[in-house]
Amino acid sequence: MPNSFQRPDFRADFARPELDPRAAYPAGTGMTSLRTAEALMVVALRLWTAHRLEPDAGHPDWRDGFLAADLCGVGVACFQSFLGILETAAKRPVTLGRPRDRMLTDDEARLLCVIRSLQSERGHDATALLADWLPPAAARIALDYVCGLATALCEARLVLPAREGASQPTLERRFIHRADLSVVH
C-alpha cells in the first residue's frame, strides 16, 4: 500500500491568538477603531462586494481608496484576483458588512489577520487562516495574490498594526512572487 500523506490539522493553530480573528478583533469591533490600512481593506472589500451584489446602487468605486493610497497596479490586481478566487471557491458563505455598517464581521477580521500574518512573515499562519474559507488548491493560489497585496501595502507604507502583542514588521519588500505579476490595460 503506498504511503498516504495527511493534510495538516490547522485546528490546533486556532488556540494561538494571532490565528483567531476574534482575539485580534473581538465581536463588536467598530470601524472607528481601525487604523488606516485596516479601514482601507475593509471598506474596499465591502465596496467590491456591494458592486457585485448591487451593480446599479451607485456605490463609490472601491479602487478610489487604492488610488488615494497609491496602491494602483499590482495592489488592485492582487486584491481583485483574491476576491475572485474567494467568490468562486469559498467552502462556506463569507459574511461581510454593507458599506455603511459600523461593526467588523468575523470574516473581515479574518482577512485583516491574513494580511497582517503575511506582513509579519508568518505565511503558515496566513495559510491556516485561508483554509477556513478555501479548499487547499484554491488557498495556495489565493495566497500568492494576498501576498502581492500585503507587499503593495508595505510599499505604500500601510502596515496593519500589531494586535495581541505581535511584532511590527519593518517597511520593506518582504515577499517574492513565484512569477512576475502584470496588469493588463
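Our structure is the block above this text.
All figures in this text were calculated on a predicted structure; none of them were measured in a lab.

**Description of the overall build of the protein**
Per the secondary structure count, the protein includes seven helices and zero strands. Taken across its 185 residues, the protein has 44% of its residues classed as buried. The long-range fraction of contacts in the protein, counting pairs at least 24 apart against all pairs at least 6 apart in sequence, stands at 72%. Surface summary for the protein: the accessible area is close to 10400 Å², and the carbon and sulfur share equals 53%.

**Considerations on helix α6 (residues 123-130)**
Residues of α6 that are buried: D125, A126, A128, L129 and L130. Packed against the buried residues of α6 are α1 (21-24), α4 (74-89), α5 (106-119) and α7 (136-155).

**Some details on helix α2 (residues 36-53)**
The first and last C-alpha atoms of α2 sit 26 Å apart over 18 residues, in line with the 26 Å expected at 1.5 Å per residue. Turning to α2, its buried residues are A37, E38, L40, M41, V42, A44, L45, R46, L47, W48, T49 and A50. Packed against the buried residues of α2 are α3 (63-68), α4, α5 and α7.

**Some words on the environment of A152**
Looking at the secondary structure, you find A152 in helix α7. Residue class for A152 comes out buried when judged on its relative accessible area of 12%. Leave out the neighbours within four places in its chain, and A152 touches L71 and G75.

**Digging into unusual backbone geometry**
The backbone of D70 sits at a positive phi, close to 60°, despite the residue not being glycine. Checked against the element boundaries, D70 lands in the loop between α3 and α4. Of note in this structure, R157 is not a glycine but carries a positive phi near 65°. With respect to the helices and strands, R157 occurs in the segment after α7.

**Looking at the pattern of salt bridges**
Tallied over the full model, the rule gives eight salt bridges. R52 is paired through a salt bridge with E87; the nearest N and O atoms lie 2.7 Å apart. Of this pair, R52 sits in helix α2 while E87 sits in helix α4, and the two are 35 residues apart along the sequence. With a shortest N-O distance of 2.5 Å, R92 and D107 are connected by a salt bridge. With a gap of 15 residues between them, R92 in the loop between α4 and α5 and D107 in helix α5 connect regions that are remote in the sequence.

**Points about the side chain of E38**
Examined against the element boundaries, E38 turns out to sit in helix α2. A relative accessible area of 0% means that E38 is categorised as buried. Looking at E38, its side chain comes within polar contact range of the side chain of Y25, at 2.4 Å. A polar atom in the side chain of E38 sits 2.7 Å from the backbone nitrogen of R35. Look past the residues within four positions of E38 in its chain and what remains in contact with it is Y25, L112, L160, P161 and R163.

**Focus on the nonpolar core**
The nonpolar side chains of a soluble globular protein tend to be buried, and buried together. The biggest cluster of nonpolar side chains holds 48 residues, and the ones touching the most others in it are M41, F66, F79, F82, I115 and L153. For this core, the secondary structure elements donating two or more residues are α2, α4, α5, α6 and α7.

**Section: the packing of aromatic side chains**
Within this structure, the stated rule accounts for four aromatic pairs. Considering the side-chain rings of W62 and F66, the 5.4 Å spacing of their centres and the 90° angle between planes classify their relative orientation as edge-to-face. Exposure class is identical for W62 and F66. Each is buried. Taken together, a centroid distance of 5.1 Å and an interplanar angle of 40° make the contact between W62 and F79 tilted. Here F79 lies in helix α4 and W62 lies in the loop between α2 and α3, a separation of 17 residues in the sequence. Members of the aromatic cluster, joined through ring pairs, are W62, F66 and F79.

Calculation criteria
Residues numbered from 1 in each chain as written. Predicted model: local features only at pLDDT ≥ 70, side-chain atom pairs only at ≥ 80, totals over all residues. Heavy atoms only, no water. Helix = DSSP H or I, 4+ residues; strand = E, 2+ residues; numbered from the N terminus. Buried < 20%, exposed > 50% of the residue type's maximum accessible area, 1.4 Å probe, protein only. Contact = heavy atoms within 4.5 Å. Areas by Shrake-Rupley, 256 points an atom, 1.4 Å probe, with all protein chains shown as cover. Expected span 1.5 Å × (residues − 1). Salt bridge = Lys/Arg side-chain N within 4 Å of Asp/Glu carboxyl O. Polar contact = N/O pair within 3.5 Å; in protein donor to acceptor, adjacent residues only side chain to side chain. Core = buried A, V, L, I, M, F, W, Y, C linked by side-chain atoms within 4.5 Å. Phe/Tyr/Trp six-rings, centres within 6.5 Å; stacked < 30°, edge-to-face > 60°.

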